Amino acid sequence: MDLRDTADEEAFRGRLKEWLAKALPALPPAPDPLDWPGRRAYDTAWQRMLYDAGYAGLHWPADAGGRGATPAQHLIFLEETERAGAPYVGANFVGLLHAGPTIAAEGTAGQRARWLPPVLRGDEIWCQGFSEPGAGSDLASLRTRAVRDGDHYVVSGSKIWTSHAEVADWCELLVRTEPVGGAVPKHRGITWLAMRMDAPGVTVRPLRTLAGSTEFAEMFLDEVRIPVSDRVGAENDGWRVTMVTLSFERGTAFVGEVVACRRTLGALARTARGDGRWAADPALRRRLGRLGAEFGALWRLTQWNVSEAQGGAGGKGGGFGVPGVGGSVFKLRYSQARQELYEAAADVLGPDALDLAHPWIQDRLSSLSYTIAAGTSQIQQNIVAERILGLPKER
């Protein structure tokens, strides 16, 4: 396998680097990390710049509003934007990395035309309404109820850890359309809906995290009316559609973060060299060297997952491949490696690790959630055991 750029890929990389060199100095100062309305405005403005330059949805198929770029071009884009210090998806992440790809793979032509262009332009922000106070890892136990009333569903219940709910326009929402204990198993009674966040009956209460941020919220739904036309997939087929969403979340949504972690690792090594610890502490050199190998391997696995997804069969939208179970392998190891990276960062910082405002310490605190988010490590281990190793299912 030749991992070097082809002539076309080298030209693409050159054009991208040239554009980034001109675009990034024109950005306004980044807002306070805790100012989510300000961050929404900043993130959507950057998304619009990408859209106008032809880089938004680079790897999305043309019928989903993208450019249909090759996996190699997609990875080059991620590498170069991260190296240049460009903004990441930020408040756009649910729409661009979860809901958007799901709609592209599973939505109707009308749904793709309605929802995907505003996501790519940065006009609309999505949040995720999956988990509930009594349904986290066991997501199929969710109880938010949707009752059919003519051309609408009437939805009541509550959600928690709803990412970016306070600044979102739409929510990818899981509801129960068949009661638990009814005629079908609990996995078969779930439906995937798109809900407007300004609909009557929606109440959002931000949750403050350990790091002091409020990108999560609890959400209460009191007889919210959602058009049946805003259902993605068939009624009671939402669990299958949800597995598509989670495949994107585990398989390709973290790709930019791997590049960011490798950049952080390089900064750690430079800091250690600057204060003399690199030369004086062989254990630290071994630790950072092992992490370098870890993230190098994770990047190769990322390349595999992205290539597999874009080369594989799409859903109803056609041409938008869904990541395979390799995403669980990646997510399992990445979440642990990320925690180890920021533990090493805290050790390198020494007393400065007590400064909660330091970006590395902010990342250290947020890394604690990665073995839970997008399916716990225990769930990923079960997926790997059953679907890759062929072991019998747990009783």
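To keep things clear, this report deals only with the structure shown in the data block. (Residues numbered from 1 in each chain as written. Predicted model: local features only at pLDDT ≥ 70, side-chain atom pairs only at ≥ 80, totals over all residues. Heavy atoms only, no water.)

1. Considering helix 2 (residues 36-53)
Let me state the cut-off plainly: In DSSP terms, a helix is any run of H or I states spanning at least four residues, a strand is any run of E spanning at least two, and both are numbered starting from the N terminus. One less than the number of residues in a helix, times 1.5 Å, gives the span that helix is expected to have. Exposed residues in this analysis have more than 50% of their type's maximum accessible area, buried residues have under 20%, and partly exposed residues fall in between, with area computed by a 1.4 Å probe over protein chains only. Throughout, a contact is declared for two residues whenever any of their heavy atoms are within 4.5 Å. Any pair of N or O atoms that falls within 3.5 Å is considered a polar contact. Within protein, one atom must be able to donate a hydrogen and the other to accept it, and sequence-neighbouring residues count only if both atoms are side-chain atoms.
Here helix 2 is 18 residues long and its end C-alpha atoms lie 25 Å apart, about the 26 Å a rise of 1.5 Å per residue gives. Of the positions making up helix 2, those classed as buried are Trp36, Arg40, Tyr42, Asp43, Thr44, Trp46, Gln47 and Leu50. As for helix 2, its buried residues are in contact with helix 1 (7-23), helix 3 (71-83), helix 4 (93-106) and helix 5 (109-121). Capping of helix 2 at its N-terminal end is provided by Asp35; its side-chain oxygen lies 3.0 Å from the backbone amide nitrogen of Gly38. At the exit of helix 2 stands Gly54, carrying a positive phi of roughly 85°.

2. Things to note about the pattern of salt bridges
How we decide: We define a salt bridge as a contact between a side-chain nitrogen of Lys or Arg and a carboxyl oxygen of Asp or Glu at a distance within 4 Å.
Enumeration according to the criterion identifies 22 salt bridges in this entry. Put simply, Arg263 and Glu82 hold a salt bridge, and the shortest N to O gap is 2.7 Å. With a gap of 181 residues between them, Arg263 in helix 7 (residues 255-274) and Glu82 in helix 3 connect regions that are remote in the sequence. Assessed through its relative accessible area of 8%, Glu82 is described here as buried. For Asp123, the salt bridge identified is with Arg121, shortest N-O distance 2.6 Å. Residue classification places Arg121 among the partly exposed residues on the basis of a relative accessible area of 23%.

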